Amino acid sequence: MNSQKTTIVVLIPCLNEEITIGKVIRDFQEAIPEAEIIVFDNNSTDRTANIAEESGAKVFHELRPGKGHVIASMFRKVKADYYVIVDGDDTYSAEHVRQLLKPVLEGNAEMAVASRLTEYSEQSFRPLHVFGNNLVRRLVNWIFHSNLTDIMSGYRVCSRELVQSVPIFSSGFEVETEITIRTMDYGFRITEVPVPYRNRPEGSSSKLRTFHDGFRILSEIARIAKAYKPFTFFGAIGLVFIIIGGISGIWVILDYLEDEYVNKVPTAILATGTMLLGFGSIGMGILLNTINYRFRENLRLMHNKINSR
């Protein structure tokens, strides 16, 4: 019989959250007293780190800017059986932490995500953020045949097996999307738990930048499509080139039929070049799709072999 005590940690990534961090720590100390609370401070210029220590949390410092770097540092430096990850802005409810832990503790999932999009006020999200979340969510659900409702939630529970298996490469706020994608791609199970999403307290400001992070979301969408649906991604690009080449080619053919001489030489070159690019792009998509399939197949076989030991 295994008598080793189960360890749970609450990991809080923070950047200039002196207004809220003390309350977040106290709320989780009350909600789940057996868990160790660790704050990862990401170069805060206010008293976030000091308040966290005064409130009884352990504090680590991550000097590389960006939430993705913080999450990667958390997974690398902290060893536990179960990981609760929550933002330090007091928008998530500590009272729901045991509901979030339950499916992972019972072995029904390796990750539980707090779904925010079922209960939130109009002030909780900016319209473009909701639009971006929904756009990425639909793409991810289409690729992985899933039915997730919230891709970018900052409140989730992970098992040790998942944390040790999933690499993190993102540097910014797109890290939640990357974790979700890699979790499904590695064959782990995700479940969602509806959790209310609160407004930020007065005086606390969001670190999200609408247009900057919106551009990163669009880049993430392109990266996801290219990595996981290469035939669709490059096939679509190829189809655009073929259409351009076809339209240009029609003009050249009509010009030739008039006097059996090609007068529009630049248009002919354009038509030929775009057609070649189109078929080349489609061919690249087919090749990458085959390589991608074999790579993911080998990855899952290796993962299953490691788990069977």
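First things first, this report covers the structure right here in the doc. Since the structure is predicted, the reported quantities are computational estimates derived from the model, not experimental observations.

If you walk across this open sheet you meet the seven strands as β3-β2-β1-β4-β6-β5-β7, and the pairing is mixed. Bordering the open sheet on either side are β3 (58-61) and β7 (190-194), each of which pairs with just one other strand. Averaged over all pairs of adjacent strands, the angle between strand axes in this sheet comes to 20°, irrespective of strand direction. Taken together, the four bridges between strand β1 (residues 8-14) and strand β4 (residues 82-85) define a ladder with parallel strand orientation. Bridge assignment links I8 to a residue of β4, and that residue is Y82. Strands β1, β2 (36-41), β3 and β4 of the sheet are contacted by helix α3 (residues 67-77), whose axis makes an angle of about 155° with β1.

Topologically, D41 is positioned in strand β2. Apart from the residues lying within four places of it in its own chain, the contact partners of D41 are C14, T48, A49, V59, F60, H61 and E62.

On to the packing of aromatic side chains. In total, this model carries six aromatic pairs according to the counting rule given. Ring geometry for F75 against Y83: centres 6.4 Å apart, planes inclined by 70°, an arrangement best described as edge-to-face. Across the pair, Y83 and F75 agree in class, each one buried. Ring geometry for F233 and F234: centres 5.1 Å apart, planes at 85°, overall edge-to-face.

Rules used in this analysis
Residues numbered from 1 in each chain as written. Predicted model: local features only at pLDDT ≥ 70, side-chain atom pairs only at ≥ 80, totals over all residues. Heavy atoms only, no water. Pairing = 2+ DSSP bridges. Helix = DSSP H or I, 4+ residues; strand = E, 2+ residues; numbered from the N terminus. Axes fitted to C-alpha atoms, helices over the stretch in contact; angles between N-to-C directions. Contact = heavy atoms within 4.5 Å. Phe/Tyr/Trp six-rings, centres within 6.5 Å; stacked < 30°, edge-to-face > 60°. Buried < 20%, exposed > 50% of the residue type's maximum accessible area, 1.4 Å probe, protein only.

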